[in-house]
Amino acid sequence: MTIEEKMENFRSLSLESANNQSAESLCNYKKSLDEELLIHKETAKKLSEDSKRARINQVRANAKKNLASSQMTIKKQLTQKQSEIKFNIFELVRNKISEYRKTSEYMELLNSQISKICNDYKELNFTIYIDSGDSHLLNPLKETFHVNIQVYEKDFLGGTRTIIPERNILIDNSFKTRLAEAQENFIVTL
């Protein structure tokens, strides 16, 4: 083989070796880029899912907050409406009591309450009070029962109150007390 043939052989071997090394480097570089791309895709996918989860959680939190706020508003309105209805009902009751106090049945009720006190506590000293609005009934009641009956200085919507000092007893048959008890126990359901 001549020098030129040897040179040509060397050159072709060198070129082939360089091409092989270049192809191998290129393949390794491509493989490395593919791995980086895969890692980048996985990271981007994970970040996207995390972001999506965070947005969903934020939407849920806002929805819960809005729901709670709406529930509080509704509850407040409901309570306000219940109070308004309760007030109106008991205002009607007060008016009915006022009308009832003008009837003969009311006088019968007073007679019944005073009669019961007289029968139950006849051996004791007691004072029966009638409402200040019933002062016009004082003399007829005193004439009927011949006991200590007085007009109470404050209004208690009718009925009677009796004080028995010897036993520290207060018998409260006033409409005001009964109305307050009824109002306390009254529940409006809508």
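In this report, we go over the structure that sits alongside the text.

Calculation rules
Residues numbered from 1 in each chain as written. Predicted model: local features only at pLDDT ≥ 70, side-chain atom pairs only at ≥ 80, totals over all residues. Heavy atoms only, no water. Axes fitted to C-alpha atoms, helices over the stretch in contact; angles between N-to-C directions. Helix = DSSP H or I, 4+ residues; strand = E, 2+ residues; numbered from the N terminus. Parallel < 35°, antiparallel > 145°, perpendicular 65-115°, else oblique. Left-handed = near helix turned anticlockwise from the far one by under 90°. Contact = heavy atoms within 4.5 Å. Pairing = 2+ DSSP bridges.

Here the focus is the packing of helix α2 (residues 104-120) against helix α3 (residues 138-145). Relative orientation of the contacting elements α2 and α3 amounts to 40°, with a least axis distance of 11 Å. Taken together, α2 and α3 sit at an angle that is classed as oblique. Every pair of crossing elements has a handedness; the one defined by α2 and α3 is right-handed. Residues M107, L110, N111, I114, S115 and C118 of α2 form the contact with α3, whose participating residues are P140, L141 and F145.

Judged by pairing direction, the sheet is mixed, and its 4 strands sit side by side in the order β2-β1-β3-β4 without closing on themselves. A single partner strand is all that each edge strand has here, and the edge strands are β2 (149-151) and β4 (169-174). Averaged over all neighbouring strand pairs, the angle between strand axes comes to 20°, with direction disregarded. The sheet contact formed by strand β3 (residues 159-164) and β4 spans 6 bridges and is antiparallel. Paired with G159 across the bridge in β4 is S174. Along the sheet face, α2 touches β1 (127-130), β2, β3 and β4 and points at about 15° away from the line of β3. The sheet strands contacting helix α4 (residues 175-185) are β3 and β4, and the helix crosses β4 at an angle near 80°.

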